[in-house]
Amino acid sequence: MSLVNITDIKVLDNPSLFGADFRFEITFELIQPLEEDLEWKVIYVGSPESSEYDQVLDSIMVGPIPPGTNKFLFQVPAPDSSKILPENVLDVTVVIITCSYRDQEFVRVGYYVNNEYLDEELKENPPERPIIEKLYRNILADKPRVTRKPIKW
């Protein structure tokens with residue numbers, strides 16, 4: 001049984017420009033006190049072919065945490081577009097929020113992210129090298145994929 005249950009994640013400022021910070025309001029329930037902090041991470045998947053292009057956008061330690069309902073705002077920078085292959089910048093990718101206790105990941109929440117131009121001309125004839133300043137991202141916030149793993153608490 002998990003001692004931490006995510007009860008809600010709100011994706012804020014969505015949709016937004018590609019280069020804008022990601023902002024998540026995370027609400028979770030703690031069943032009983034923990035001896036150590038929780039580690040939260042946000043990972044941007046840069047390529048469907050290889051995890052080599054994944055970027056950990058930020059990680060934070062949260063604690064000590066009182067039992068009951070807890071909430072915090074997790075704001076992380078946008079991915080470094082220079083570390084994404086040009087052919088993988090547009091279209092669909094994934095952003096993942098993970099939580100770990102004592103270096104054991106116990107939950108992973110993934111969201112599909114659609115990166116596209118709003119300008120019709122750029123949509124019809126996208127440039128060979130993406131124009132990052134004109135790209136928008138839309139996180140499909142209502143359809144998260146949640147994976148839970150048992151760990152030793």
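The notes below deal with the structure included here. (Residues numbered from 1 in each chain as written. Predicted model: local features only at pLDDT ≥ 70, side-chain atom pairs only at ≥ 80, totals over all residues. Heavy atoms only, no water.)

Details of the pattern of salt bridges
Logical step 1: Here the structure, examined in full by the defined rule, presents seven salt bridges.
Logical step 2: We note a salt bridge from R102 to E35, for which the minimum N-O separation is 2.8 Å. Here the residue R102 occupies a position in the loop between strand 7 (91–101) and strand 8 (104–117), and E35 occupies one in the loop between strand 3 (22–30) and strand 4 (38–45), the gap between them amounting to 67 residues.
Logical step 3: Residue E35 is classed as exposed on the basis of its relative accessible area of 72%.
Logical step 4: Each member of the salt-bridge network shares a partner with another, and the members are E35, E36 and R102. (Salt bridge = Lys/Arg side-chain N within 4 Å of Asp/Glu carboxyl O. Helix = DSSP H or I, 4+ residues; strand = E, 2+ residues; numbered from the N terminus. Buried < 20%, exposed > 50% of the residue type's maximum accessible area, 1.4 Å probe, protein only.)

A closer look at the nonpolar core
Logical step 1: Counting 38 residues, the largest nonpolar core has F24, I26, L38 and W40 as its most contacted members.
Logical step 2: Of all the secondary structure elements, the ones that give two or more residues to this core are strand 1 (4–12), strand 3, strand 4, strand 5 (55–62), strand 6 (68–76), strand 7, strand 8 and strand 9 (135–139).
Logical step 3: Ranked by residues supplied to this core, first place goes to strand 8 with six residues.
Logical step 4: Those residues within four positions of I26 in sequence are excluded, and the remaining contacts are D8, I9, W40, N70, K71, F72, F74 and I97. (Core = buried A, V, L, I, M, F, W, Y, C linked by side-chain atoms within 4.5 Å. Contact = heavy atoms within 4.5 Å.)

Regarding the layout of surface pockets
Logical step 1: Estimated volume of the largest pocket: approximately 160 Å³.
Logical step 2: Lining of the largest pocket is provided by 13 residues; of these, I6, V107, V109, V146 and R148 occupy positions nearest its centre.
Logical step 3: Here the residues of the lining of the largest pocket are counted per class, giving 10 nonpolar, two polar and one charged. (1 Å grid on protein atoms, 1.4 Å probe; cavity = no way out; pocket = protein on both sides within 12 Å on 5 of 7 lines; lining within 4 Å. Points joined across faces, edges and corners; volume = space filled by probe spheres on them. Nonpolar A, V, L, I, M, F, W, Y, C, P; charged D, E, K, R; others polar.)

Quick notes on the environment of P66
Logical step 1: By secondary structure assignment, the location of P66 is in the loop between strand 5 and strand 6.
Logical step 2: Classification of P66 by relative accessible area gives partly exposed; the value is 48%.
Logical step 3: For P66 and L30, which are 36 residues apart along the polypeptide, the C-alpha to C-alpha distance reads 7.3 Å.

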